[in-house]
Amino acid sequence: MQKYYLWTLGCQMNVADSEKLAAGLVRLGLTPTDLPEEADIAVINTCSVRQHAEERAYSKLGRLRDIRRERPGLKLAVMGCMVGLKTDDLRKRFPYVDVFARPQQFDAIMQLVEGPAEDLGGEFWPSTYAVPDGPCAYVPVVHGCNKFCTYCIVPYRRGREKSRPVEEIVREVAYLTAHGVREVTLLGQTVEAFGHDLPDQPDLGDLMRELSSLDRLHRIRFLTSYPKDMTRRILEAVAELPRVMECFSLPVQAGSDAVLDSMRRGYTRAEYLAKIGEVRALMPGAGITTDVIVGYPGESDADFEETCELLEALRFDKVHVAAYSPRAGTIAHRRMEDDVSSDAKADRLHRVEEIEARISGEINARYVGTTQEILVEGVRGEQFFGRTRTGKLVHVDVPARVGSLINVRIDHAGPFSLRGEPVEALTLI
Ligand code: SF4
């Protein structure tokens, strides 16, 4: 029996793609292995968002080339965001790789499989489901992105927004819940873009309503949000539907209008503030995380101060911060000078990290003494863990059934997680 080795870098969308590819390879009769030395096919699913991720992929490819010298039958494939429309440069640089596949374009990888194989034809996406290995699963609902932020490679690698039909998503989630999944996270690069390209133009709220009718599904999350696509109608659906978690990942990227404009984010600081205000007016306890890039080309000290002021004012649950680094193929790389010094980038990064640690610590501390509903996701060592509706990680010291919803009295808050004891089981599944 042939074996595959699959190594994944990057975001939840890449994780979901890898799970889907794995399901397809299993359907063709392959079994997984954690050891590339014993694999017949090795696939690396790459990320281009940061230089570091690309360097890790290069290093992994070097290791796989060495293994292939010992094991000439090993087939190598590279997929994900490192692979663009044109692969000439990659082919020159990595001549030993058999296949370069763009995100979600799995056919070429499937064709590497030898021997009798089921012809999946056009049925790959609608009918090949990732095999769940716990109560939580990712479900891509819209692929690609139309936004073209100046620093981002995604639209060039993942193509334009393309929504999956509602019925197809509902069928997949029903399959997942029949196999133990209790929480799904609906994925899109800009998840609220879902539906605009479908015949009846359903929106994300309509999809959430459909999914809420599935008996065994307890929780629905969604990411990543894009401020301009997040309509009042979608927000009202999140607020109204009890199975949809009031938890938002809403990248702001910068607090200054000049930098937002240069990034082509499509909104102003005032519009972003208003959007957060709308979320909190409808759902006062909502968990909200954001992303920030510091040291963007042209970002002055005053621009950066505006970002810090915005973070102080909006008090996010978590801020994911990165220092700008130019990514080949983006508008910023072609047209902008990377003119903020490395020292200034490091200082700004550090300052945002300090703000984030203080504020998220204060927010976490407010959970102590409260009772929170968590879905038990798994166990590490002796500790069970799960998340609150707002996305906070909670550790529970006493045994709890994985996949069950329990109420937990929070007795300790740390910078990254909470701890508590169950007070009652809500459902046992
Ligand atoms: S919204 Fe902007 S940052 Fe997000 S994936 Fe699209 S282009 Fe990239």
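The structure reproduced in this document is the subject of the present report. Source: prediction; values computed, not measured.

Topic: the overall build of the chain
The helix and strand tally for the chain stands at 14 helices and 17 strands. On C-alpha atoms alone, the chain measures out to a radius of gyration of 22 Å, which is about the 22 Å that the 2.2 N^0.38 rule sets for 429 residues. Contacts spanning at least 24 positions in sequence make up 72% of the contacts within the chain whose residues lie at least 6 apart. Working note: accessible area of the chain is about 18900 Å², and carbon and sulfur atoms make up 50% of it.

Details of the side chain of K60
Relative to the helices and strands, K60 is located in helix α2 (residues 51-70). With no salt bridge to any partner, buried K60 finds its closest opposite charge in E37, at an N-O distance of 8.2 Å. Sequence-distant contacts of K60, that is, excluding residues within four places in its chain, are made with Y5, W7 and I44.

Notes on the layout of surface pockets
There is about 670 Å³ of room inside the second largest pocket. Lining the second largest pocket are 21 residues; nearest its centre among them are M82, G84, K86, R157 and A328. Contributions of two or more residues to the lining of the second largest pocket are made by α2, α3 (88-93) and α6 (154-158). When residues in the lining of the second largest pocket are grouped by element, the largest group, four residues, is from α3. For the lining of the second largest pocket, the per-class residue count stands at nine nonpolar, four polar and eight charged.

Structural notes on empty space enclosed by the protein
Per the counting criterion, the structure on display carries one cavity of 30 Å³ or more. Looking at the lining of the largest cavity, the elements with two or more residues in it are α1 (12-27) and β6 (136-143). Looking at the lining of the largest cavity, the element that brings in the most residues is α1, giving four residues.

Considering the packing of helix α9 (residues 232-240) against helix α11 (residues 269-282)
At a closest axis distance of 10 Å, the pairing of α9 and α11 adopts a crossing angle of 30°. Judged on the interaxial angle alone, α11 and α9 are roughly parallel. In terms of crossing hand, the pair formed by α9 and α11 is right-handed. Residue-level inspection shows R232, L235, E236 and A239 of α9 in contact with α11, the latter providing E278, V279 and L282. For the contact of α9 with α11, the per-class residue count stands at four nonpolar, no polar and three charged.

So, the site of the ligand
Near the ligand you find C145, K147, F148, C149, Y151, C152, V154, P155, Q189, T190 and R265, and these make up its full shell. Partitioned by chemical class, the residues of the shell around the ligand number seven nonpolar, two polar and two charged.

Section: unusual backbone geometry
Following L223, the chain continues to T224 via a peptide bond in cis, the omega torsion being 0°. In this structure, F148 is a non-glycine residue whose phi angle is positive, near 55°. The phi angle at R264 is positive, at roughly 55°, despite the residue not being glycine. Checked against the element boundaries, R264 lands in the loop between α10 (257-263) and α11. Note on R264: relative accessible area 43%, which makes it partly exposed.

Quick word on the nonpolar core
Counting residues in hydrophobic clusters, the biggest one holds 75 residues, and the most contacted among them are L186 and F248. Among all residues touching F248, those that are not within four sequence positions of it are F222, M230, L235, V238, V279, M283, A286, G287, I288 and T289. Residues L61, L74, V83 and Y96 belong to the second largest nonpolar core, which totals 22 residues.

Quick look at the environment of G420
Locating G420 in the fold gives a position in strand β17 (residues 418-427). Residues G420 and R409, 11 residues apart in the sequence, show an inter-C-alpha distance of 5.3 Å. Dropping the residues within four chain positions of it, G420 is found in contact with V394, H395, V396, D397, V408, R409, I410 and D411.

Quick look at the pattern of salt bridges
Going through the model one piece at a time under the given rule, you end up with 35 salt bridges. Between R232 and E278 there is a salt bridge; the shortest N-O distance is 3.4 Å. Within this pair, whereas R232 is found in helix α9, its partner E278 is found in helix α11, the two being separated by 46 residues in sequence. Take R232: its relative accessible area is 40%, and that puts it in the partly exposed class. Salt-bridge contacts for E356 lead to K318; the nearest nitrogen and oxygen are separated by 3.1 Å. Of the two residues, E356 is situated in helix α14 (residues 342-365) and K318 in strand β12 (residues 318-323); the sequence distance between them amounts to 38 residues. Judged by relative accessible area, E356 falls into the buried class, the value being 9%.

Examining α14
The terminal C-alpha atoms of α14, which comprises 24 residues, lie 34 Å apart, in line with the 34 Å expected from a rise of 1.5 Å per residue. Of the positions making up α14, those classed as buried are A344, K345, R348, V352, I355, E356, I359, S360, I363 and N364.

Brief notes about the packing of α11 against helix α12 (residues 301-314)
Look at α11 against α12: their axes get within 12 Å of each other, and the N-to-C directions meet at 10°. Taken together, the axes of α11 and α12 are roughly parallel relative to one another. Contacts from R269, Y272, L273, I276 and R280 in α11 reach E306, E309, L310 and L314 in α12. Residue composition of the contact of α11 with α12, by class: five nonpolar, no polar and four charged.

Quick look at the pairing of strand β8 (residues 183-188)
The element β8 is extensively covered by neighbouring structure, given that six of its six residues are classed as buried. The alternating pattern of β8 places E183, T185 and L187 on one face and V184, L186 and G188 on the opposite face, and all of these are buried. Pairing of β6 with β8 involves six bridges; the strand directions are parallel. Following the sheet pairing, V139 is matched in β8 by L186. Taken together, β8, helix α8 (residues 204-212) and strand β9 (residues 219-223) constitute a β-α-β crossover, and its handedness is right-handed.

What counts and what doesn't
- Residues numbered from 1 in each chain as written.
- Predicted model: local features only at pLDDT ≥ 70, side-chain atom pairs only at ≥ 80, totals over all residues.
- Heavy atoms only, no water.
- Helix = DSSP H or I, 4+ residues; strand = E, 2+ residues; numbered from the N terminus.
- Rg over C-alpha atoms; globule rule 2.2 N^0.38 Å.
- Contact = heavy atoms within 4.5 Å.
- Areas by Shrake-Rupley, 256 points an atom, 1.4 Å probe, with all protein chains shown as cover.
- Buried < 20%, exposed > 50% of the residue type's maximum accessible area, 1.4 Å probe, protein only.
- Lys, Arg positive; Asp, Glu negative; His and termini not counted.
- Salt bridge = Lys/Arg side-chain N within 4 Å of Asp/Glu carboxyl O.
- 1 Å grid on protein atoms, 1.4 Å probe; cavity = no way out; pocket = protein on both sides within 12 Å on 5 of 7 lines; lining within 4 Å.
- Points joined across faces, edges and corners; volume = space filled by probe spheres on them.
- Nonpolar A, V, L, I, M, F, W, Y, C, P; charged D, E, K, R; others polar.
- Axes fitted to C-alpha atoms, helices over the stretch in contact; angles between N-to-C directions.
- Parallel < 35°, antiparallel > 145°, perpendicular 65-115°, else oblique.
- Left-handed = near helix turned anticlockwise from the far one by under 90°.
- Near = heavy atom within 4 Å.
- Core = buried A, V, L, I, M, F, W, Y, C linked by side-chain atoms within 4.5 Å.
- Expected span 1.5 Å × (residues − 1).
- Pairing = 2+ DSSP bridges.
- Right-handed = clockwise from strand over helix to strand, strands pointing away.

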